[in-house]
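Given next are the chains, with one letter for each unit.
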Amino acid sequence: MSDAPRYRFAPSPTGYFHVGGARTALYNWALALRTGGTFVLRIEDTDESRNSPEWTDGIIDALAWLGIDSGHPRFEGPYFQSHYAGAHVAAAMRLFEAGLAYWCDLTPEQVQERAKASGRPGYDGHSRDRGLEQAPGRVLRFRVPEGTTEVADLVRGRVEFANDTIEDFVLLRGNGTPIFLLANVVDDIEMRITHVVRAEEHLPNTPKQQMLWRALGHAPPAWAHVPVLVNEQRKKLSKRRDKVALEQYRADGILAPTMVNYLMTLGWAPGGDEEIVPWTRIVEEFRLEDVNHSPAFFDEKKLLAFNGDHIRMMTGAEFAAACAPWLESAPWSGGRIDAGLLARLVPLIQTRVARLSEVASMVDFFFLPSAPVDDDAWTKTMSSEFARDVLVEMESALGSCRWTLEEIKACLERFTEARGLKLGKTQAPVRVAITGRTVGPPLFDSIEILGRDESIRRLATAVARLG
RNA sequence: GCUCCCAUCGUCUAGUGGCCUAGGACACCACCCUCUCAAGGUGGCGGCACGGGUUCGAAUCCCGUUGGGAGUGCCA
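Residues numbered from 1 in each chain as written. Chains lettered and ligands numbered in written order. Predicted model: local features only at pLDDT ≥ 70, side-chain atom pairs only at ≥ 80, totals over all residues. Heavy atoms only, no water.

A. Here's a closer look at the sheet that holds strand 4 (residues 101-104). Read across the sheet, 3 strands follow the order 4-5-8 without closing on themselves; strand pairing throughout is antiparallel. What marks the edges here is a single partner per strand, and that holds for strand 4 and strand 8 (170-172). Geometrically, the sheet is characterised by an average inter-axis angle of 40 degrees between neighbouring strands, direction not taken into account. The pairing of strand 5 (residues 139-142) with strand 8 spans 2 bridges and is antiparallel. Paired with Leu140 across the strands is Leu172, a residue of strand 8. (Pairing = 2+ DSSP bridges. Helix = DSSP H or I, 4+ residues; strand = E, 2+ residues; numbered from the N terminus. Axes fitted to C-alpha atoms, helices over the stretch in contact; angles between N-to-C directions.)

B. Local environment of the packing of aromatic side chains. Taken as a whole and judged by the stated rule, the model has 12 aromatic pairs. One aromatic cluster is present, built from ring pairs that chain together Phe9, Phe17, Trp29, Phe39 and Phe75. Over the face of the ring belonging to Tyr123 we find Arg141, whose NZ or CZ atom lies 3.6 Å from the ring centre. If you follow Arg465 out to its NZ or CZ, it ends over the ring of Trp378, 4.1 Å from the centre. (Phe/Tyr/Trp six-rings, centres within 6.5 Å; stacked < 30°, edge-to-face > 60°. Lys NZ or Arg CZ within 6 Å of the ring centre and 35° of its normal.)

C. How the structure looks around the side chain of Ser127. Structurally, Ser127 is set in the loop between helix 4 (108-118) and strand 5. At a separation of 2.8 Å, a polar atom in the side chain of Ser127 contacts the side chain of Arg130. Setting aside residues up to four positions removed in sequence, Ser127 forms contacts with Tyr102, Trp103, Cys104, Asp105 and Leu132. (Polar contact = N/O pair within 3.5 Å; in protein donor to acceptor, adjacent residues only side chain to side chain. Contact = heavy atoms within 4.5 Å.)

D. Looking closely at the confidence of the model for chain A. Overall, the prediction assigns chain A a mean pLDDT of 94, with 97% of residues at 70 or greater. The ipTM, which scores confidence in the relative placement of chains, is 0.96 for this predicted complex, and the corresponding pTM is 0.94. (pLDDT = per-residue confidence, 0-100.)

E. View of the layout of surface pockets. Within this model, the second largest pocket holds a volume of roughly 460 Å³. Considering only residue class, the lining of the second largest pocket consists of 5 nonpolar, 6 polar and 7 charged. (1 Å grid on protein atoms, 1.4 Å probe; cavity = no way out; pocket = protein on both sides within 12 Å on 5 of 7 lines; lining within 4 Å. Points joined across faces, edges and corners; volume = space filled by probe spheres on them. Nonpolar A, V, L, I, M, F, W, Y, C, P; charged D, E, K, R; others polar.)

F. View of the domain arrangement of chain A. We note that the domain assignment places domain 1 (314-359) and domain 2 (375-466) within chain A. Computed over C-alpha atoms, the centres of domain 1 and domain 2 are 24 Å apart. The interface is formed by 6 residues belonging to domain 1 together with 6 residues belonging to domain 2. Summing both sides of the interface, domain 1 and domain 2 together bury roughly 500 Å²; the carbon and sulfur share of this comes to 73%. (Domains from an automatic or database assignment. Buried area = accessible area lost by both parts, 1.4 Å probe.)

G. Representation of the pattern of salt bridges within the structure. Within this structure, the stated rule accounts for 28 salt bridges. For Glu275, the salt bridge is made with Lys302, and the minimal N-O distance between the two is 3.2 Å. Of this pair, Glu275 sits in the loop between helix 8 (256-264) and helix 9 (279-285) while Lys302 sits in helix 10 (residues 300-313), and the two are 27 residues apart along the sequence. You can call Glu275 partly exposed: its relative accessible area is 32%. In this structure Lys302 comes out as partly exposed when scored by relative accessible area, which is 33%. (Salt bridge = Lys/Arg side-chain N within 4 Å of Asp/Glu carboxyl O. Buried < 20%, exposed > 50% of the residue type's maximum accessible area, 1.4 Å probe, protein only.)

H. Geometry of the nonpolar core. Among the nonpolar cores identified, the biggest contains 51 residues, and Met259, Phe286 and Phe298 are the most heavily contacted of them. No other element matches helix 1 (residues 19-35), which puts 9 residues into this core. (Core = buried A, V, L, I, M, F, W, Y, C linked by side-chain atoms within 4.5 Å.)

I. View of the environment of Thr381. Residue position: Thr381 is located in helix 14 (residues 375-382). Linking Thr381 and Thr426, residues 45 residues apart in sequence, is a C-alpha distance of 9.3 Å. In this view, Thr381 contacts Ala387, Ala428, Pro429, Val432 and Thr438; residues no more than four positions away in its chain are not counted.

J. Representation of the side chain of His195 in the model. Here His195 lies in strand 9 (residues 195-199). The class for His195 is buried, based on a relative accessible area of 18%. A polar contact of 2.7 Å, which involves the side chain of His195, links it to the side chain of Thr194. Residues within four places of His195 in sequence aside, it is in contact with Pro5, Arg6, Tyr7, Arg8, Leu154, Pro221 and Ala222.

K. Local environment of the environment of Val291. On the secondary structure map, Val291 appears in the loop between helix 9 and strand 12 (296-297). Residue Val291 is classed as buried on the basis of its relative accessible area, which comes to 2%. Excluding its chain neighbours within four sequence positions, the residues that come into contact with Val291 are Tyr27, Val155, Val226, Pro227, Gly267, Trp268 and Phe286.

L. Broad picture of the protein's contact with RNA strand B. Around RNA strand B, the surrounding shell holds 63 residues, and the nearest of these are Arg173, Arg234, Gly267, Glu275 and Arg352. In RNA strand B, the atoms that sit within 4 Å of the protein are 71% sugar and phosphate, with bases accounting for the remainder. In this structure, Phe180 approaches RNA strand B through a main-chain N or O atom, which is 2.9 Å from a phosphate oxygen. Separating a base nitrogen of RNA strand B from a backbone N or O atom of Leu443 is a distance of 3.4 Å. Those elements giving two or more residues to the surface near RNA strand B turn out to be strand 5, strand 7 (157-162), strand 12, helix 10, helix 17 (423-435) and helix 18 (443-450). Class assignment for the residues of the surface near RNA strand B results in 23 nonpolar, 18 polar and 22 charged. (Near = heavy atom within 4 Å.)

What follows is the structure in structure tokens.
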């Protein structure tokens, strides 16, 4: 099986995990799974400013959350690019010895000056034939050959680049360290990568990398450049102005299956008319050839809608378990959340939340010692002429009725009919007295679960407050 | 500026020359259901950027225009 495809995901550790990176990782993972190939994780940590062990843990953790488990047999790595610096330099030296690269003593400023003077952008090949030897401060540049470079891209087809539009790019810095372009290629060759699936922003690098593959004596891999994710302004998602951290969505209570499902529908769609689909189906159907060519807007609204769908697809037990972490950190939580109580609450709220972070504020009145009364809700509902009456009436009716959902509801219905009102109107003050809010889970279920004594107590408290 | 990429409802997409009077989803609107809010159901609004070709026939192929985007570092 030495010809099984080898995909790779090569993020640089930056302290947070970008949703765009998540999508790229997912694409690679789906492909590796379907083709019986391997998913190689390589941390591109060669820039000192992007080098911190916690960042790497964050990447592994984020991938695991998405279902890309580092313990899975198809998963290989993580490898660290910084560990292979020796190989990168050695490859560069081989290129120099073969005459495919040369030393140059121009500083970046000098290169820029020359470009400005000549009116042609980029490095002009000044040292191409000067026969310079290696020396501190000198950079090694690749000697770009004449002709054209044709990149065969699985998503976009053939893309041609005239080599004379590509400058002799740097391989080794003045301090002797390799730059990304080289390191990336050397590692890919070393790790026997057969498919490079990455974001479109790398497409302009590709001819350079392909030349490097050839110069190093290898046939280039299959390339695939997937469109970038953009914001509402159609700009590439960036940390500075957009919400791009996967961890943030996770902390908001977006489910992992939701994120996976949603990310996969950006630039691609499963067959048929449904787009809420399980990962297993994505693995079966995903093809690079079917990936769209244009950038996709990362729409948080739609993400939320997907999340609501996924929440509703869970069993009650699954949903309760998923809610638990959000309840444990809730403000009232000194003690533990009662599992039995939670199980009764779950069906009331599962259709009412789009993300797990909303759960706490939806059930807080069950756990708090008294209703967390919202001032606006109070003034809005308690000003009606029947507000006081309905509270008093309910206080006494609930004291003697049988404690069933139907009977509790009947108590309010009797009052409502006697006054010729609508249940929708009369329930409002009662709801605020019991739950503190005008919206929330079904009132009568809530009262039943809360219990007779506590319900009556809250009604009495409200009556007292009304004066 | 230069290089490259892209172009179907507001958004994400289906569509690969006739099945398209362009399908679905999100959002939005209306109605139904209903103890609030949701969820659910029904219906509605809304699109092939433009101009030329090619073809019996074009959203689909070609060219151009316009409009977006990405890259343009001794960052990755």
